Amino acid sequence: MALLEVKNLKVYYFTRKGTAKAVDGVNFSIDKNETLGLIGESGCGKTTTALSLMRFVTPPGRIVKGKIVFDGRDIISMSNEEIRLLRGKEISIVFQAAQNALNPVMTIEKQISEGILEHESITEDEALERAKNQLNLVGIGDERSKSYPHELSGGMKQRVMIAMATVCNPKLLILDEPVTGLDVIVQRQILSLINDLRAKLHLTIVIIAHDLSVIAETCDKIAVMYAGKIVEQASAVSLYKNPMHPYSQALIKAYPSIKGEKKKLKSIPGAPPRLVNPPPGCKFHPRCSYAADICRKKEPIIREKEGHLVACHLN
Ligand code: SF4
């Protein structure tokens, strides 16, 4: 059963230079206890999509169309008070590079306990006890509970962020680039922690990343975003082994495999389009080595092929 359904979501930024269609008709759903990876380069709309799930989009951005149905309720039409209660309690997010946003003058147990006190009527001592348990759960150990952020490594700080985000047992956890900037060994440890927590806390998870190879094993399914749209969606195994969209293929070739054979990397020529005035037709056509005349004129619609949803005239 779907915990989250996103239907025809459109999020635009109204700037002086024009309207940037950061998210332009995105559809996906996530079942309970499932993990979805949202993949793509910077500026493809992944983070804006994730922010929309908690109604964190602020002016000049606005959700202009669509539905976000979470646990049977439409998030877009919720009151501000309902949204406040939902954030951190039912849906939690770990922002990109959020470990740098930990309060430098507050112990980590205190920072975790504050999130609990915001949502639950318990005493400060009870909240601190819960914070210690949470530190054990994320593999830091409660003996470090009185540590300050500067006393922790980057990987440990990321564990603290995940502890804070999961301490109120949310139904949905959003992780924005959870392993970016960490070395390969720590990346593996954090991904293993995410898998553990998913099993123990029955979490449903959205992971945002630019590197498919890093998170493919952690996800059940993957949606590849380009220029505000999902261009391919499939099970993680199938998309990683048999990507159909030229952009998915290019993304996989552009990053090293975290394990497995070494291969020569191939960068994707050019850059994602400016969203204010994107190219006509398929927005990937200026960078696509398969582009044909039709690609420059007509935008491909997403359709089902061999278990994948793919938006490409070739497929
Ligand atoms: Fe490339 Fe054309 Fe497919 Fe776009 S529609 S990805 S330009 S082949």
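Each remark here, short or long, concerns the structure printed above.
Caption draft 1: Main features of the sheet that holds strand β11 (residues 303-305). An order of β6-β7-β8-β3-β9-β10-β12-β11 is seen for the eight strands of this open sheet, with the pairing classed as mixed. Strands with a single pairing partner mark the edges of an open sheet, and in this sheet they are β6 (91-94) and β11. This sheet shows a mean twist of 20 degrees between the axes of neighbouring strands, independent of strand direction. Two elements, β11 and strand β12 (residues 308-310), share three bridges in a ladder whose sense is antiparallel. Residue pairing in the sheet places R303 in a bridge with V310 of β12.

Caption draft 2: Quick peek at the pattern of salt bridges. For the structure on display, the rule yields 17 salt bridges. The salt bridge involving E120 is made with K89; its shortest N-O contact spans 3.7 Å. With E120 in the loop between α3 (108-119) and α4 (124-137) and K89 in the loop between α2 (80-86) and β6, this residue pair connects regions lying 31 residues apart in the sequence. Using a relative accessible area of 31% as the deciding quantity, one classes K89 as partly exposed. Ionic pairing is found between E124 and K110, a salt bridge with its closest N-O pair at 3.3 Å. Here E124, found in helix α4, pairs with K110, found in helix α3; they are 14 residues apart in sequence, far enough to count as distant. A residue is classified by how much of its surface remains accessible, and E124, at 45% relative accessible area, is partly exposed. Given the relative accessible area of 29%, K110 is considered partly exposed. Salt bridges here are not isolated pairs; linked through shared partners, they connect D24, K229, K283 and E299.

Caption draft 3: Here's a closer look at the packing of aromatic side chains. Applying the stated criterion to the full structure yields five aromatic pairs. Between Y226 and F284, the aromatic rings sit 5.1 Å apart at their centres with planes inclined by 80 degrees, giving edge-to-face as the arrangement. On the criterion of sequence distance, the pair formed by Y226 in strand β9 (residues 221-226) and F284 in the loop between α9 (246-254) and α10 (293-297) is long-range, its members being 58 residues apart. Assigned by exposure class, Y226 and F284 land together as buried. Taken together, Y226, Y247 and F284 form an aromatic cluster joined through their ring pairs.

What counts, and where the lines are drawn
Residues numbered from 1 in each chain as written. Predicted model: local features only at pLDDT ≥ 70, side-chain atom pairs only at ≥ 80, totals over all residues. Heavy atoms only, no water. Pairing = 2+ DSSP bridges. Helix = DSSP H or I, 4+ residues; strand = E, 2+ residues; numbered from the N terminus. Axes fitted to C-alpha atoms, helices over the stretch in contact; angles between N-to-C directions. Salt bridge = Lys/Arg side-chain N within 4 Å of Asp/Glu carboxyl O. Buried < 20%, exposed > 50% of the residue type's maximum accessible area, 1.4 Å probe, protein only. Phe/Tyr/Trp six-rings, centres within 6.5 Å; stacked < 30°, edge-to-face > 60°.

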